[in-house]
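Descriptive analysis of the structure
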Amino acid sequence: CKDSGFNNYPEDKILKKVEAMIKAGADIINITGECNSTQNDREQELKDLTSVVSLIKKIKRLFPDIILSIDTTKLMIARESIASGINIISKTFPLKFNEELIHFIAQAKCPIIMMANSNNNNVSKPIVSISDVIKDIQSNVGYAVGKGIPKDRIIIDPGIGFGRSDKDNFLILRQLSSFKHLNFPILVGLSKRSFLGDALKGRMNNTLISAIAANTLAIINGANIIKAHTSEQVATMVNIIESVTRVDEAV
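Residues numbered from 1 in each chain as written. Predicted model: local features only at pLDDT ≥ 70, side-chain atom pairs only at ≥ 80, totals over all residues. Heavy atoms only, no water.

1. Quick look at the pairing of strand β2 (residues 28-32)
Put simply, the test is: Relative accessibility under 20% of the residue-type maximum defines a buried residue, over 50% an exposed one, and the middle range a partly exposed one, all with a 1.4 Å probe and only protein chains included. Numbering goes from the N terminus for both helices and strands, where a helix is a DSSP run of H or I of at least four residues and a strand is a run of E of at least two. By this definition, two strands are paired if DSSP reports at least two bridges between them.
Of all five residues making up β2, five are buried, and the element is well covered by its neighbours. Of the two faces of β2, the one carrying I28, N30 and T32 and the one carrying I29 and I31 are both buried. Sheet topology places β2 next to strand β3 (residues 67-71); five bridges connect them, and they run parallel. Among the inter-strand pairings, T32 is bridged to a residue of β3, identified as D71.

Laid out in structure tokens, this is it:
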């Protein structure tokens, strides 16, 4: 799964990047739906909407079988994105902060990625134990289901990064298997996380190896979806892990 911020590059370069990621083995392309807009900036929100809808339509026309997800908290962007071909909505804070959006998602019956984050400002409380994060996810999921979102449309994200301390991030990664009993697909985003670079203690300038190592641990510990910026390297890692896990089946 690859995050593509449409405001950062010209559209033709984004489409070339999308093509390269798909060829490398990406199954999902994730688009940032509101790179510059703020809650009160209507003009910028309309610009974001125009840009993202144009991009979605072109990606779907060129690559009709690819799954697309979008990061957005805006009802208008979510609605138009779904109409244009987006398959998954990704949220970074609990849906209880946005009643209009949760009703739309329930009606659209599209899959949703729900991140564990108790606050509405991307700053998380310190983790006393991993059960804190699990309870946070259960609360968010329970609220969503109560508002009509089917359980089989929910993907959970434990929220590595997003204001957490290095210690808390590594704790989640180490105990990721604890989330499996919730019976939801688990997404983990570890690409370009500063805590991984800090773990190298200045011994390497390139943090790619740390991201690959962390993603490997995430898959071994139960992650179903890996969100990354380097599709080719991640696809290689996934192929190796799958080959190892299938070895008994081949015997």
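2. Looking at the confidence of the model for the protein
Quick note on the threshold: pLDDT: the predictor's confidence for each residue, scored from 0 to 100. Should any heavy atoms of two residues lie within 4.5 Å, those residues are counted as being in contact.
Looking at the protein as a whole, its pLDDT mean stands at 82, while 81% of the residues score no less than 70. The low-confidence segment residues 1-6, where pLDDT is below 50, has 38 contacts with residues more than four positions distant or belonging to other chains.

3. Thoughts on the environment of S139
Topologically, S139 is positioned in helix α5 (residues 130-146). Since its relative accessible area comes to 42%, S139 is described here as partly exposed. Sequence-wise, S139 and A116 are 23 residues apart; in three dimensions their C-alpha atoms are separated by 9.3 Å.

4. Regarding the packing of helix α2 (residues 42-62) against helix α3 (residues 75-84)
In plain terms, the rule: To get an axis, fit a line to the C-alpha atoms, keeping to the stretch in contact for a helix; angles then go from 0 to 180 degrees between the N-to-C directions. With respect to orientation, any angle under 35 degrees is reported as roughly parallel, any angle over 145 as roughly antiparallel, any angle of 65 to 115 as roughly perpendicular, and every other angle as oblique. Put simply, a crossing is left-handed when the front helix is turned counterclockwise from the back one by less than a right angle, and right-handed when it is turned clockwise. Only Asp, Glu, Lys and Arg are considered charged in this grouping, and only Ala, Val, Leu, Ile, Met, Phe, Trp, Tyr, Cys and Pro are considered nonpolar; every other residue, Gly among them, is considered polar.
One way to put it is that α2 packs onto α3 with a least axis distance of 9 Å and a crossing angle of 15°. Here α3 runs roughly parallel to α2, going by the angle between their axes. Crossing handedness for the pair α2 and α3: right-handed. Mapping the contact onto sequence places R42, E45, L46, D48, L49, V52, V53, I56, K57 and K60 in α2 and M76, I77, E80, S81 and S84 in α3. Tallied by class, the residues present in the contact of α2 with α3 amount to seven nonpolar, two polar and six charged.

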